[in-house]
Amino acid sequence: MKSGKKNAGKYPKRKSDLPFVPVTNRDWMKTCLFISSILVLLLSWQSPASGQPQYSSGMRVPILLYHRFGPIVADRMTVTTLTFESHLQYIKNKNYTIIPLRHLVNYYLGKRSSLPSQSLVITADDGHKSVYTEMFPLLRKYHIPVTLFLYPSAISNASYAMTWNQLKEIKESGLFDFQSHTFWHPNFKEERKRLKPAEYEDFVEKQLKKSKERLQRELDVKVDMLAWPFGIYDEWLIKKVTEAGYVAGFTMERRHTSPSENMMALPRYLIAREGGIRIILDSK
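Predicted model, so just to flag it, every value in this text is computed and none were measured.

Now for the overall build of the protein. A count of helices and strands for the protein gives nine helices and 10 strands. Burial analysis of the protein (284 residues in total) assigns 44% to the buried set. Summing over all exposed atoms, the protein offers an accessible surface of approximately 16,500 Å²; the carbon and sulfur share of this is 55%.

In structure tokens form, the structure reads like this:
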């Protein structure tokens, strides 16, 4: 028969055999502090490095981008006036609330606490004269806020563009905000190839600064948002735009925005020709 002594210590002692160690208030406080430290570390690890606020709602908002309007489809960027009105009616029937772009940007920047549960934003680029003749009457009819991204070199100059007086007139309606589309809508990829590095940097800075200054002077508005011409941007351009005092930039990448997006590359849905919006609004 094997000795029980050989197996001693192989099995755990009974509770009654374990020594009683009293827990002091000091020990309890140390334990609480340790647990709190772990929780803080976990929360910090989950937060974004950029320091941008996160929102538990995870609200995703579609931003629609239009360019031109008219009775017929004159080119690939034109949406007929009847189609645009049908879009507004469909948005209303789907119980979306069309909000100013500024509200969305302020929400993402933590300057606004909430948005309507089904929010949507409408923007229009370039300042085409059909915004005044075709879009504006419908916006008044349905009381819809819109942000126009303008390049000032065309205003009161190009035959296809609105005039400063027209822009001032529609501003009086309270439905429009005016933001930058650079000074003359360059293709930054082509300009980078064409110019020497120092010349390209100077060119970019002037495009951003001159547009902002002219729009603010002519329309007495705060300009701190930019629509990237042709949707072209990169990290270096984002850095220059931030240095120029812009707080948000907008692309033509087709998806809903969300609080996790890069503020300088917020996506928008380009609406062209007879492009419908059903698939956009029905996908959340």
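Further remarks concern the packing of helix α5 (residues 164–171) against helix α7 (residues 197–219). A pair of packed helices is characterised by two quantities: the angle between their axes and the separation of those axes. Direction vectors running N to C along α5 and α7 enclose 65°, while the axes themselves pass 10 Å from each other. With respect to the hand of their crossing, α5 and α7 are arranged in right-handed fashion. Within the contact between the two elements, α5 uses Trp 164, Leu 167, Lys 168 and Lys 171 and α7 uses Arg 214, Leu 215, Glu 218 and Leu 219. The residue inventory of the contact of α5 with α7, partitioned by class, reads four nonpolar, no polar and four charged.

Time to look at the environment of Lys 92. Here Lys 92 lies in helix α2 (residues 81–93). Looking at Lys 92, the relative accessible area reads 60%, which means it is exposed.

Counting residues in each nonpolar core, the largest one holds 53 residues, and the members touching the most others are Ile 122, Leu 148, Leu 167 and Phe 176. Among the elements that line this core, the one with the most residues is α7, at six residues. With sequence-adjacent residues up to four places away left out, Leu 167 is seen in contact with Leu 148, Leu 150, Ile 155, Met 162, Phe 178 and Leu 219. By size, the runner-up hydrophobic cluster in this structure holds 18 residues, among which are Val 61, Leu 104, Ala 227 and Ala 248.

For the structure shown, the criterion picks out 12 aromatic pairs. Here Tyr 107 and Tyr 108 contribute two aromatic rings whose centre-to-centre distance is 5.7 Å and whose plane-to-plane angle is 45°, an arrangement assigned as tilted. Overall, the relative accessible area of 3% leaves Tyr 107 in the buried class. Tyr 108 sits in the buried class, given a relative accessible area of 3%. Measuring from ring centre to ring centre gives 6.2 Å for Phe 176 and Phe 178, while their planes differ by 10°; the resulting arrangement is stacked. Phe 178 carries the same exposure label as Phe 176, and that label is buried. Pairwise contacts between aromatic rings join Tyr 132, Phe 136, Phe 176 and Phe 178 into one cluster. Geometry around Phe 136 places Arg 140 over its ring, the cationic atom sitting 4.3 Å from the centre. The ring of Phe 183 has Lys 210 sitting right over it, with the charged end atom 4.4 Å from the ring centre.

Along the chain, Lys 212 turns up in helix α7. The charged side chain of Lys 212 is buried without a salt bridge, its nearest counter-charge being Asp 224 at 6.5 Å. In contact with Lys 212, other than residues within four places in its own chain, are Val 223, Asp 224, Ala 244, Gly 245 and Tyr 246.

So, on to the confidence of the model for the protein. With 78% of its residues at a pLDDT of 70 or more, the protein shows a mean pLDDT of 85. Segment residues 1–18: pLDDT under 50, and one contact once partners within four positions in sequence are set aside and those in other chains are kept.

Before going further, it helps to examine the pairing of strand β1 (residues 63–66). Both faces of β1 are covered, namely the face carrying Ile 63 and Leu 65 and the face carrying Leu 64 and Tyr 66. Note that β1 and strand β10 (residues 269–270) share two bridges and pair parallel. Along β10, the bridge assignment pairs Leu 64 with Tyr 269.

How each quantity is defined
Residues numbered from 1 in each chain as written. Predicted model: local features only at pLDDT ≥ 70, side-chain atom pairs only at ≥ 80, totals over all residues. Heavy atoms only, no water. Helix = DSSP H or I, 4+ residues; strand = E, 2+ residues; numbered from the N terminus. Buried < 20%, exposed > 50% of the residue type's maximum accessible area, 1.4 Å probe, protein only. Areas by Shrake-Rupley, 256 points an atom, 1.4 Å probe, with all protein chains shown as cover. Axes fitted to C-alpha atoms, helices over the stretch in contact; angles between N-to-C directions. Left-handed = near helix turned anticlockwise from the far one by under 90°. Contact = heavy atoms within 4.5 Å. Nonpolar A, V, L, I, M, F, W, Y, C, P; charged D, E, K, R; others polar. Core = buried A, V, L, I, M, F, W, Y, C linked by side-chain atoms within 4.5 Å. Phe/Tyr/Trp six-rings, centres within 6.5 Å; stacked < 30°, edge-to-face > 60°. Lys NZ or Arg CZ within 6 Å of the ring centre and 35° of its normal. Lys, Arg positive; Asp, Glu negative; His and termini not counted. Salt bridge = Lys/Arg side-chain N within 4 Å of Asp/Glu carboxyl O. pLDDT = per-residue confidence, 0-100. Pairing = 2+ DSSP bridges.

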